[in-house]
Amino acid sequence: MRAYLYNGAGGPEVLDLTEVPDPVPGAGEVLIEVAGVGLNRADVMQRIGVYPPPKGVTNIPGLEVSGVVAAVGEGSDAWVQELKGKQVVALLAGGAYAEKVSVDARHVLPVPAGVDLVDAAGLIEVAATVHSNLRGEAKVAPRETVLVHGGTGGIGTFALQYLSALGATALTTVGNAEKAQLAEQLGAAHAINYREEDLVSRVKELTDGRGVDVIFDVVGAKYLQANLKSLAPDGRLVIIGLMGGRKAEADLGLMLAKRLRIIATTLRSRGADAKAEIVRGVGEEIWPLIENGQISIQTNKVFGFDEARAAQEYFDSGEHTGKVLLRL
Ligand SMILES: NC(=O)c1ccc[n+]([C@@H]2O[C@H](COP(=O)([O-])OP(=O)(O)OC[C@H]3O[C@@H](n4cnc5c(N)ncnc54)[C@H](OP(=O)(O)O)[C@@H]3O)[C@@H](O)[C@H]2O)c1
């Protein structure tokens with residue numbers, strides 16, 4: 001089959017389309033004929049050499065696909081065999097930039113009713129990240145207020161819609177006025193322009209001085225102190241990205257006084273059982289919200305499989321909102 005590999009570390013030019021052996025599904029695994037690939041920041045971080053795949057995982061990049069189950073591993077249970085021929089999405093630790101992938105059947109969900117097969121490629125990574133962190137880790141309750149950094153990114157566009165469906169109030173940060181408009185359409189009560197406004201004072205104003213209950217953060221070090229100042233008593237800071245660096249000083253006194261918690265997670269490095277549990281939760285709680293229209297698909301641009309370099313270049317530019325995909 002054809003698949004992409006990174007030929008060294010660097011810009012999109014290191015992406016090389018090559019011929020590699022087809023993956024062979026083992027017991028409990030399915031082989032998917034890929035229709036769509038979702039791009040993620042992790043693909044870029046792996047390309048520049050700062051986020052290698054976990055031990056034992058293929059060097060082929062990419063964390064999510066949609067497609068059709070073409071074969072099932074020998075010795076698989078009946079429920080796995082029944083997946084043959086079905087349209088599915090799959091959460092991967094790597095291997096998505098390829099014509100075929102082999103994956104643990106527990107990390108697969110049917111394409112939600114009413115969703116186009118290629119668009120579905122951009123769903124599972126964000127859905128699993130948002131649900132496992134906001135519901136699973138931070139335990140966001142309806143009527144709580146949540147600040148989502150980067151409200152128009154792949155993660156942010158999903159998180160804003162999910163919070164709205166949950167009955168929580170979302171504030172968000174964005175880089176320009178056009179993105180502020182989109183964030184508000186997706187359910188944000190207010191979008192703060194992070195290039196022009198002071199985060200801490202704006203959050204105070206918008207919450208009558210109280211602060212927010214939860215912050216969902218893709219920025220990391222650069223915002224640590226401002227995040228701690230912006231949290232209400234018993235607040236939870238959930239860090240999932242380090243776009244603003246990994247090392248920072250924190251005022252622990254602030255944390256003690258307000259009983260704050262910092263939670264930090266990555267989905268990719270979780271074990272197979274934990275991922276299976278997360279995917280099951282997404283199927284039960286998130287898929288119905290997509291099927292009833294409370295969460296809408298946010299595909300921004302679809303590139304051909306041969307255009308992966310251009311797709312990553314576009315993703316790198318930061319112009320995009322929502323998801324960027326490859327179509328096979
Ligand atoms: N831990 C996990 O399991 C996990 C899983 C998935 C993703 N992630 C991480 O989550 C992050 C976002 O992923 P993605 O796929 O959504 O990427 P993306 O689509 O490129 O979105 C990035 C977002 O970050 C925002 N941003 C950048 N600098 C910012 C700043 N200083 N202040 C506020 N917002 C800022 C951007 O806002 P503007 O466009 O408005 O500038 C954009 O909305 C990445 O770091 C990724 O690695 C983690």
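Residues numbered from 1 in each chain as written. Predicted model: local features only at pLDDT ≥ 70, side-chain atom pairs only at ≥ 80, totals over all residues. Heavy atoms only, no water.

(A) Quick look at the pairing of strand β14 (residues 299-304). For β14 and strand β15 (residues 323-327), the ladder comprises five bridges, and the chain directions are parallel. Within the sheet, the bridge partner assigned to T299 lies in β15 and is K323. With respect to chirality, the unit in which β14 leads through helix α10 (residues 308-317) into the neighbouring parallel β15 is right-handed. (Pairing = 2+ DSSP bridges. Helix = DSSP H or I, 4+ residues; strand = E, 2+ residues; numbered from the N terminus. Right-handed = clockwise from strand over helix to strand, strands pointing away.)

(B) Examining the site of the ligand more closely. Around the ligand, 26 residues are found, and the nearest of them are R41, K179, Y194, Y223 and L267. Separating a nitrogen atom of the ligand from a backbone N or O atom of I240 is a distance of 2.9 Å. Here H320 contributes a side-chain N or O atom positioned 2.8 Å from an oxygen atom of the ligand. Burial of the ligand by the surrounding chains reaches 91%, relative to a free accessible area of 920 Å². Counting residues per element, the ones that place at least two in the shell around the ligand are α3 (124-137), α4 (154-166) and β9 (169-174). Looking at which domains feed residues into the shell around the ligand, each of domain 1 (2-123 + 268-327) and domain 2 (127-264) gives three or more. (Near = heavy atom within 4 Å. Polar contact = N/O pair within 3.5 Å; in protein donor to acceptor, adjacent residues only side chain to side chain. Areas by Shrake-Rupley, 256 points an atom, 1.4 Å probe, with all protein chains shown as cover. Domains from an automatic or database assignment.)

(C) Focus on the side chain of D43. Along the chain, the position of D43 falls in helix α1 (residues 41-47). Although buried, D43 forms no salt bridge, and the nearest oppositely charged side chain, R268, lies 6.7 Å from it. (Buried < 20%, exposed > 50% of the residue type's maximum accessible area, 1.4 Å probe, protein only. Lys, Arg positive; Asp, Glu negative; His and termini not counted. Salt bridge = Lys/Arg side-chain N within 4 Å of Asp/Glu carboxyl O.)

(D) Quick look at unusual backbone geometry. Phi angles above zero are rare outside glycine, and K139 is one such case at about 50°. Look at R259: it is not a glycine, yet its phi comes out positive at around 55°. Looking at where R259 falls in the secondary structure, it is placed in the loop between α8 (252-258) and β13 (261-264). Since its relative accessible area comes to 47%, R259 is described here as partly exposed.

(E) Seen up close, helix α9 (residues 272-291). Here α9 is 20 residues long and its end C-alpha atoms lie 27 Å apart, about the 28 Å a rise of 1.5 Å per residue gives. Largest kink in α9: about 40°, centred on G283. Every buried residue of α9 is accounted for by K275, A276, I278, V279, G281, V282, I286, W287, L289 and I290. Trailing α9 by a residue or two, G293 shows a phi angle of about 85°, which is positive. (Expected span 1.5 Å × (residues − 1). Bend = angle between axes of the 7 residues up to and from the residue.)

(F) Molecular detail of the sheet that holds strand β8 (residues 145-148). Taking strand neighbours across the sheet as the criterion, the six strands line up as β10-β9-β8-β11-β12-β13 in an open arrangement whose pairing is parallel. The open sheet has two edge strands, β10 (188-193) and β13, and neither has a second partner. Strand-to-strand twist of the sheet, defined as the mean angle between neighbouring strand axes without regard to direction, takes the value 20°. Sheet strands touched by helix α6 (residues 199-206): β8, β9, β10 and β11 (212-217). Its angle to β10, the strand with the most contacts, is close to 155°. (Axes fitted to C-alpha atoms, helices over the stretch in contact; angles between N-to-C directions. Contact = heavy atoms within 4.5 Å.)

(G) Quick look at the domain arrangement of the protein chain. Partitioning the protein chain into structural domains gives domain 1 (2-123 + 268-327) and domain 2 (127-264). Spacing between the C-alpha centres of domain 1 and domain 2 amounts to 27 Å. Taken together, the contacts link 22 residues of domain 1 with 18 residues of domain 2. Across the domain 1/domain 2 interface, buried area totals approximately 1500 Å², and carbon plus sulfur atoms make up 63% of it. Here domain 1 and domain 2 share one salt bridge between them. The shortest N-O distance in the salt bridge between E137 and R270 comes to 3.4 Å. At the boundary of domain 1 with domain 2, the tally comes to six residue pairs in polar contact (both at pLDDT 80 or more). For the side of domain 1 that touches domain 2, the element with the highest residue contribution is α9, accounting for eight residues. (Buried area = accessible area lost by both parts, 1.4 Å probe.)

(H) Here's a closer look at the packing of α3 against α9. It is the contact of α3 with α9, at a shortest axis distance of 9 Å, that shows an interaxial angle of 90°. One way to sum up the angle between α3 and α9 is to call them roughly perpendicular. Judged by residue contacts, I124, A127, A128, H131, S132 and R135 of α3 engage I278, G281, V282, E285, I286 and W287 from α9. Per-class residue counts for the contact of α3 with α9 are seven nonpolar, three polar and two charged. (Parallel < 35°, antiparallel > 145°, perpendicular 65-115°, else oblique. Nonpolar A, V, L, I, M, F, W, Y, C, P; charged D, E, K, R; others polar.)

(I) Highlighting the UniProt feature "domain: Enoyl reductase (ER)" (unreviewed entry) in the protein chain. Mapped onto this numbering, the UniProt entry annotates "domain: Enoyl reductase (ER)" (unreviewed entry) at residues 10-326. The span residues 10-326 is 31% helical and 26% strand by assignment, and the distance between its end C-alpha atoms comes to 20 Å. (UniProt positions renumbered as here; feature names shortened; annotations may be inferred.)

(J) Representation of the pattern of salt bridges within the structure. The final tally for this structure, using the stated rule, is 16 salt bridges. For R106, the salt bridge identified is with D104, shortest N-O distance 2.9 Å. For R106, a relative accessible area of 33% puts it in the partly exposed group. Residue D104 is classed as buried on the basis of its relative accessible area of 17%. Here the salt bridges share partners, and the residues they tie into one network are R2, E99 and D306.

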